[in-house]
Amino acid sequence: MTEAILPDLPEEQHGGEGLLAGALKRARWTILWERLWPPLATLATVIGLFLALSWLGLWLWLPPLGRTAGLAVFAILAVVAAAPFVFLRLPRAADALQRLDHESGLSHRPATAIADKLAVSPQDPYSLALWKAHVDRARQAARSLKAGLPSPRLAWRDPYALRGLVLLACIATFFAAGGERIKRIAAAFDWHGVVLPANFRVDAWVIPPLYTGKPPVMLPGMHPGESFAQLPGPVSVPINSVLVVRASGDINLNVSGSGGLTPSTAAAHPPAGTEEHRFVIKAAGTATLRGVGDDVTWAFNAIPDRPPTIALTKEPEEQGRGSLLLSYRLEDDYGVTSAEATFASKGGKAAQGAHPLFGPPDFSLILPQARTKKGVGQTLKDLTDHPWAGAEVTMTLVAHDDGGNIGKSAPVSFRLPERVFTKPLARALVEQRRNLALDARSKPIVLTALDALTLAPDKFTPDLGVYLGMRSIYWELVHARTDDQLRDVVKRLWSMAVDIEDGDMADAQAALRNAEEALRQALQNGASDQQIKQLMDKLREAMNRYMQALAQELQKNGGLSRPLDHNARVLSQRDLQNLLNRLENLARSGSRQAAQELLQQFQQMMENLQMASPQMNGDDDQMMSELNQLGDMIRRQQDLRDRTYKQGQQQRGQNPQPGQQGGGMGQLQQGQQALRNDLNKLLDELKKNGFGQNQQQGQQGQQPGQGQDQDGANELGRAGRAMGDAAGDLGNGDTDSAVDSQGRALDALRKGAQSLAQSMQQQMGQGQGTDQLGRIGQGRSDQDTDPLGRPLRGRDYGDDDSVKVPGDIDVQRARRIIEELRKRFGDMGRSQEELDYIERLLKGYD
């Protein structure tokens, strides 16, 4: 091209050819870009607008006919934008030379001059010399030739910069479309539905979660010749329901969700030849169907799943053998599926740096039904073997449903039931076991204690099996290195203590509870009839063994048993067998829920079961109640005395105002007067029962224990007078005198209670009912008999010396009182004043 433009110059004139050729090339490309870019930018703007609208989801919203029309519009715009390419003309050499001369800004058009030819004959030397000088001057200016930058003048063609807005829209919608970019572009070319096929079917329905128990909700479908029906209003369905839209045939269905409808991530396996769309309804939202004629939009409301509620119906109850009975009410809109009781220490965190081996005794609760919508349940749990037994705890009941919701009850604080060990060795083992369980760092102290407990086995542990067992536990603890090994030692310490305390009774009771739990689990999990029969046989065997152990324990204790409640229900072993037979029949007939409720009743019966003595009566209940009242009064008087003393200290240290002083003294005076009134009421009841009443000599004679009666009545009377003095002193603001009077009242209360207990023991040993023991000879005083009513040696009563030996009932009643006192003495949770008082009573009996 350069040779065609450049003139035929002599060899020496071709020096500027390279410079001009490069400049011409740049100029022609610049002109070509200026002619090409405006239509190209217009076409790119149309394409960018198409992509932006596609990624925005326009084609998904438009019906098939609208998509066709929209695509036609963009096709027309694209043709109009591409039309200038048809008339595009490539730049000529003259155009390039003209641009070089124009952009260079040089005079005399040097680029054109170099390309010009001599118009006259080259034979004319003058003309040729002149032309050569002209070309040389142009060649010197060729080094300054410039093509300039392209100037397509887009700003003149698009003064509002719409191309920039389209570019921004493309970038924004590109990221907004995410993984659906190709799908949304392809939707513009989806013309299915403009003319519906002859064979197709669309069905839609909503599947509520299975745990709701709600049936599926069928939505209006579509068949050939029909159209989708619009719903009259939003469809209310449970939250997390699944919308399913299934299409079959030659149809391309498009379904989109908005609001609370999100595509389901669960794997779906539709039938072959079908297309399926699934959306989870998590909140209010809409679903739009396209590709089947006119678009259809369905609105949905999500019914929320309320959390379950659970609450105690009454305070936690301790059963006869230490089990904890919880009664609670549950409620949920679709049903509670599980519940548990959780515990936390009321005292707060464990000791600084402590390393407990066991966590809180959380346990699951029994539901009235497998999926309880509303009901009342009970759970019986034995926690006496847990290290937290006897601790002050805060309990919270927690309920769960299938929707993942959690409901909690109000926290309740109480003391966990604990087993009271009366035998010193068993009590010592339990104490060391608790120390080790609550802090593994106490291992050296526990080792020292175990070693000390095995000293002098002939005196303290005469049972060889117990001694060997304790030494085995000692060496196992010595070699324990891990927490699991320490937990094994804790379990062995408990087993040893229970065996020492109960003997075979503990194994029988554990076997019974295990059999009950195994049967409960089987009923809850839907075990077969054969498994139920086997577990029922094991339960009967465990019950018989437990009853035998209970009877042997009663016989070993000489018929001693705890007092029975007058309203207690009496059951025979046949009644228990009939109850188990009924339970088995219910389970085998399919009434598993009724069988579980009956098993719960059986468990409560066995927990509160105690063997009854044939001749047992309720007189000792009243006696023990009176002793309990006196013990409570002693504690109340001690508390009042402590508070009075502190009030006096505050008065001397702070010099309070008279109004403040009167308020504190007034409360103490009211408390003291109330205690005096309670003592007077108790004294009146005791007098009604014959306590403290002297009988005239010569009529009936003084019965054993009446001396103690009179002394006790006198002491209680002195206690009442001392309480009156204390109340008066408190009214006068004299705390020192009030403390002295309260001290006298405490001493008199203790002496009166001791006299009452001794009198009860002697009266129960003597007996007064002719239908039980017979009557002792008339005219004989307590000076002539021992406390059991037998004649003293050396006394001669003639022929009428037929004193009957007391019956078993009196011995049993005396033993019961002594055993009760020993049990309370072994309760370390009682106050030191009460323990000292019980110790004095036991010393008096010994």
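Residues numbered from 1 in each chain as written. Predicted model: local features only at pLDDT ≥ 70, side-chain atom pairs only at ≥ 80, totals over all residues. Heavy atoms only, no water.

Summing up its helical and strand segments, the chain has 25 helices and 15 strands in all. Counting every position in the chain, which comprises 846 residues, the buried fraction comes to 43%. Taking all contacts inside the chain whose residues are at least 6 apart in sequence as the whole, residues at least 24 apart take part in 74%. Accessible area for the chain stands at about 45,600 Å²; split by element, carbon and sulfur atoms hold 52% of it. (Helix = DSSP H or I, 4+ residues; strand = E, 2+ residues; numbered from the N terminus. Buried < 20%, exposed > 50% of the residue type's maximum accessible area, 1.4 Å probe, protein only. Contact = heavy atoms within 4.5 Å. Areas by Shrake-Rupley, 256 points an atom, 1.4 Å probe, with all protein chains shown as cover.)

To continue, consider unusual backbone geometry. One non-glycine residue, asparagine 240, adopts positive backbone phi at about 70°. Along the chain, asparagine 240 turns up in the loop between strand S3 (235–238) and strand S4 (241–249). Of the residues examined, asparagine 240 reaches a relative accessible area of 31% and is grouped as partly exposed.

The full count for this structure, using the stated rule, is seven aromatic pairs. Arranged with centres 5.4 Å apart and planes meeting at 70°, the rings of tryptophan 55 and phenylalanine 174 form a pair that is edge-to-face. Taken together, the positions of tryptophan 55 in helix H2 (residues 17–56) and phenylalanine 174 in helix H9 (residues 162–177) put the pair 119 residues apart, joining distant regions of the chain. On the basis of an interplanar angle of 70° and a centroid distance of 5.9 Å, the ring pair of tyrosine 211 and tyrosine 334 is categorised as edge-to-face. Of the two residues, tyrosine 211 is situated in the loop between strand S1 (200–207) and strand S2 (217–222) and tyrosine 334 in strand S10 (residues 324–345); the sequence distance between them amounts to 123 residues. Residue tyrosine 334 is classed as buried on the basis of its relative accessible area of 8%. Every member of this aromatic cluster is reached through a ring pair, and the members are Trp55, Phe174 and Phe175. (Phe/Tyr/Trp six-rings, centres within 6.5 Å; stacked < 30°, edge-to-face > 60°.)

For the structure shown, the criterion picks out 21 salt bridges. Among the salt bridges present, the one from glutamate 584 reaches arginine 540, with a minimum N-O distance of 2.7 Å. With glutamate 584 in helix H18 (residues 573–588) and arginine 540 in helix H17 (residues 529–556), the pair connects residues that are 44 residues apart, well separated along the chain. Judged by its relative accessible area of 14%, arginine 540 is buried. The salt bridge partner of arginine 744 is aspartate 725, with a shortest N-O separation of 3.7 Å. Pair noted here: arginine 744 is in helix H23 (residues 735–766) and aspartate 725 is in helix H22 (residues 706–731), with a separation of 19 residues, a long-range link. For arginine 744, a relative accessible area of 44% corresponds to the partly exposed category. Exposure remark for aspartate 725: the relative accessible area of 41% places this residue in the partly exposed category. Beyond isolated ion pairs, a larger network of salt bridges with shared partners links Lys533, Asp537, Arg540 and Glu584. (Salt bridge = Lys/Arg side-chain N within 4 Å of Asp/Glu carboxyl O.)

Tracing the chain through its elements places aspartate 401 in strand S13 (residues 392–401). Of the side chains with opposite charge, arginine 371 lies nearest to the buried aspartate 401, which makes no salt bridge, at 8.3 Å. Within polar-contact distance, the side chain of aspartate 401 engages the backbone nitrogen of glycine 403 at 3.2 Å. Once you skip the residues sitting within four places of it in the chain, aspartate 401 turns out to touch Asp305, Arg306, Pro308, Asp332, Gly335 and Thr337. (Lys, Arg positive; Asp, Glu negative; His and termini not counted. Polar contact = N/O pair within 3.5 Å; in protein donor to acceptor, adjacent residues only side chain to side chain.)

Overall, the predicted model of the chain reaches an average pLDDT of 75, with 68% of residues at or above 70. pLDDT under 50 marks residues 1–15. Its contacts with residues more than four places away, or in other chains, come to 25 contacts. Long-range and interchain partners of residues 611–618, a stretch whose pLDDT sits below 50, account for 17 contacts in this model, where long-range means more than four residues apart. (pLDDT = per-residue confidence, 0-100.)

Here we take up the packing of helix H11 (residues 424–438) against helix H12 (residues 443–453). The geometry of H11 relative to H12 is characterised by a closest axis approach of 9 Å and an angle of 165° between their N-to-C directions. Here H11 is positioned roughly antiparallel relative to H12, judged by the angle of their axes. The handedness of the crossing between H11 and H12 is left-handed. Residues Leu425, Ala428, Leu429, Gln432, Asn435 and Leu436 of H11 lie in contact with H12, whose contacting residues are Lys443, Ile445, Val446, Ala449, Leu450 and Leu453. Along the lines of polarity and charge, the residues of the contact of H11 with H12 split into nine nonpolar, two polar and one charged. (Axes fitted to C-alpha atoms, helices over the stretch in contact; angles between N-to-C directions. Parallel < 35°, antiparallel > 145°, perpendicular 65-115°, else oblique. Left-handed = near helix turned anticlockwise from the far one by under 90°. Nonpolar A, V, L, I, M, F, W, Y, C, P; charged D, E, K, R; others polar.)

Between its terminal C-alpha atoms helix H4 (residues 64–82) stretches 27 Å, which fits the 27 Å expected from 19 residues at 1.5 Å a residue. Turning to H4, its buried residues number three or more, namely Pro64, Gly66, Arg67, Gly70, Leu71, Phe74 and Ala81. Across the axial projection of H4, the buried residues extend over an arc of 155°, all falling on one side. Along H4, exposed side chains directed more than 90 degrees from the buried face belong to Leu65, Ile76, Val79 and Val80. (Expected span 1.5 Å × (residues − 1). Arc of directions from axis to C-beta.)

So, about the environment of arginine 181. You can see arginine 181 is positioned in helix H10 (residues 181–186). Each residue touching arginine 181, except ones within four places of it in the same chain, is listed here: Trp55, Phe174 and Phe175.

With that settled, the discussion passes to a nonpolar patch on the surface. Where nonpolar side chains cluster on the molecular surface, the patch consists of Tyr160, Leu162, Leu165, Leu167, Leu168, Ile171, Phe174 and Phe175 and spans about 910 Å² of accessible area. Mapping leucine 165 onto the fold places it in helix H9. Relative accessible area serves as the criterion here: at 54%, leucine 165 is assigned to the exposed category. (Patch = residues over 30% accessible without salt bridge, like charges linked within 9 Å, V, L, I, M, F, W, Y side chains within 5 Å.)

Helix length check: H9, at 16 residues, gives a terminal C-alpha distance of 22 Å against a target of 22 Å (1.5 Å per residue), a fit within 8%. Along H9, the residues that are buried comprise Val166, Cys170, Thr173 and Ala177. One side of H9 carries all its buried residues, which in axial view fall inside an arc of 85°. More than 90 degrees from the buried face of H9, the exposed residues found are Leu165, Leu167, Leu168 and Phe175.

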